[in-house]
Amino acid sequence: MPFSLQIDEGEFAGRRYVFDQEEVSFGRTDENDVVVPSTAASRHHARVSQKGEDYEVEDLRSSNGTRVNGEPLLRPLLLEDGDVIEIGQIPFKFSPYAVANATRIVATANLPPWEKGRAKAPERRVALAKPKSPVAQVVERFQALPKRQRVLIAAGAGMILLFMLGRGLRAPARIDPDAPELVEHPYALGATPEDHCYGQGGGTARIAPRGVGFSFNFSEPVAGKSLVTLHAQISGVRHADDVDLLLNGQHLAFLPATFDDTRPLDLILERAKLQPNAENTLELKPAKRPEMSWSVCGIWVEQVSLPSGTPAQLQAKAKEEYALGESKSQNENVAARNLYDSWHHYKEARKTLLAIPKPPEALRNLVDERLRDVENRLEKKCKQMMFTAQQAKITKGPDAAADAAADVFNYFPQSDHPCYERARQFLKGLAAE
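Residues numbered from 1 in each chain as written. Predicted model: local features only at pLDDT ≥ 70, side-chain atom pairs only at ≥ 80, totals over all residues. Heavy atoms only, no water.

This part is about the overall build of the protein. Tallying secondary structure elements over the protein gives 9 helices and 23 strands in all. Sorting the 433 residues of the protein into buried and exposed places 42% on the buried side. Counted over contacts in the protein with a minimum sequence separation of 6, partners at least 24 positions apart contribute 63%. For the protein, the accessible area works out to roughly 23200 Å², and carbon and sulfur atoms hold 53% of it. (Helix = DSSP H or I, 4+ residues; strand = E, 2+ residues; numbered from the N terminus. Buried < 20%, exposed > 50% of the residue type's maximum accessible area, 1.4 Å probe, protein only. Contact = heavy atoms within 4.5 Å. Areas by Shrake-Rupley, 256 points an atom, 1.4 Å probe, with all protein chains shown as cover.)

What follows is the structure, given as structure tokens:
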């Protein structure tokens with residue numbers, strides 16, 4: 001059963017492949033089926049393999065890890081149509097179906113094992129050779145022109161350059177004078193979403209082109225019994241390595257690419273990098289392309305205590321929360337908030353499993369899978385409702401738009417889901433107009 005991978009972002013955008021083999025390996029070296037030309041990729045980075053009628057992705061203990069839909073891949077995960085696998089900062093969109101106009105990769109099952117790695121089989125191995133840069137392409141085309149045309153173009157470009165220098169190449173940057181450049185003077189984060197957006201561009205209220213710092217107090221009454229999660233809405237991140245997130249000066253993660261959209265960030269902070277009962281710092285720093293537009297809105301830190309009990313008691317509680325989540329999810333249309341409540345029950349099940357030193361892997365995978373599914377459904381519902389509010393504003397006026405936005409609170413009744421904040425900001429904007 002074939003499956004396909006498609007690259008929609010970055011320098012390899014537009015590449016599509018169909019694989020007719022049960023297992024596909026990814027890595028930096030040429031013994032892999034997909035050779036990823038990135039220093040962020042390990043020699044043997046990840047693997048997609050067939051499991052019955054499904055496909056599963058697995059990280060092969062790579063140095064920088066593998067992400068699926070922006071989340072770290074901690075254990076093998078069954079893939080769904082549309083999942084984005086990020087390997088070596090290159091996003092591959094998975095589909096269990098073959099796609100048109102794609103390179104077909106045929107398995108070489110008849111090769112002996114010791115020859116597969118060295119086989120020169122271009123029909124099997126995908127090497128993502130880097131295309132020429134736009135500058136190189138322009139230079140190549142310029143050099144191919146007749147000499148007279150090259151002289152005229154050069155003269156015209158020189159005149160334009162002199163004009164621009166006379167007028168000034170760019171206007172002074174609008175930088176928030178209070179925006180911290182160093183983490184020693186950060187913004188304080190609370191337990192509710194921030195009203196401001198940080199970064200540059202995209203409606204940012206506080207401009208910080210060189211990065212922005214935040215601080216929060218981590219209070220832990222019982223050592224090892226707390227879970228800290230960072231929540232935010234991110235937009236404008238074009239590549240998976242554009243913005244670096246540091247916790248107490250240590251690299252934690254890169255903000256995931258948003259693919260020309262706004263997406264929620266829910267990231268569990270690594271315990272080893274946290275400082276209990278002390279002030280902790282978070283930094284967002286553009287790793288490269290300083291001229292890019294990016295923003296982080298509604299950022300806040302959630303701190304919860306992990307439940308106590310024996311492993312058997314905790315496992316029973318996790319199963320109970322999972323069952324409640326299933327019930328609410330299956331009855332999504334019975335009450336407006338059922339899907340939201342389902343999300344809460346799945347999160348409670350995950351939190352309970354995290355309190356078990358060695359949680360049952362099958363249950364953990366199931367809870368993670370269902371939680372991801374409900375999060376995707378909630379995000380889709382939020383986008384539909386906010387689009388309805390925007391359309392009402394255009395076609396029916398501010399009163400109708402306010403009614404449509406207020407309806408969001410029936411489906412997202414508390415501020416712990418980012419859609420609540422989106423609706424609140426929308427209503428705030430209406431009131432200011």
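Now for the layout of surface pockets. Put simply, the second largest pocket is a space of about 470 Å³. Together, 20 residues line the second largest pocket, and Cys 197, Cys 297, Glu 421, Arg 422 and Gln 425 are the ones closest to its centre. Where the lining of the second largest pocket is concerned, the elements lending two or more residues are β18 (226-235), β23 (294-305), α6 (361-395) and α9 (418-432). If one sorts the elements of the lining of the second largest pocket by residue count, α9 sits on top with 5 residues. (1 Å grid on protein atoms, 1.4 Å probe; cavity = no way out; pocket = protein on both sides within 12 Å on 5 of 7 lines; lining within 4 Å. Points joined across faces, edges and corners; volume = space filled by probe spheres on them.)

Next up on the list: the sheet that holds strand β20 (residues 250-254). One open sheet accounts for 5 strands, arranged β14-β17-β22-β19-β20; its pairing is mixed. Sheet topology places β14 (187-188) and β20 at the edges, where each strand pairs with a single neighbour. Pairing geometry for strand β17 (residues 212-218) and strand β22 (residues 278-286), over 7 bridges, is antiparallel. Its bridge partner lying in β22, Phe 214 is registered against Leu 282. (Pairing = 2+ DSSP bridges.)

What follows covers the pattern of salt bridges. On inspection of all chains with the given rule, the structure shows 17 salt bridges. Residue Asp 341 is joined to Arg 337 by a salt bridge in which the shortest nitrogen-to-oxygen separation is 2.9 Å. Residue classification places Asp 341 among the buried positions, given a relative accessible area of 13%. Under the relative-accessibility criterion, Arg 337 is labelled partly exposed at 34%. Where salt bridges share partners, they join Glu 326, Glu 332, Arg 370, Asp 373 and Arg 377 into one cluster. (Salt bridge = Lys/Arg side-chain N within 4 Å of Asp/Glu carboxyl O.)

The next thing to look at is empty space enclosed by the protein. Within the structure shown, the criterion is met by 3 cavities of 30 Å³ or more. Roughly 80 Å³ of internal volume is contained in the largest cavity. Around the largest cavity, the lining is made up of 13 residues, and of these His 231, Gly 298, Trp 300, His 417 and Pro 418 lie nearest the centre. Looking at the lining of the largest cavity, the elements that each hand over two or more residues are β18, β21 (262-268), β23 and α9. For the lining of the largest cavity, the element with the most residues is β18, which contributes 3 residues. When grouped by side-chain class, the residues that make up the lining of the largest cavity number 5 nonpolar, 5 polar and 3 charged. (Nonpolar A, V, L, I, M, F, W, Y, C, P; charged D, E, K, R; others polar.)

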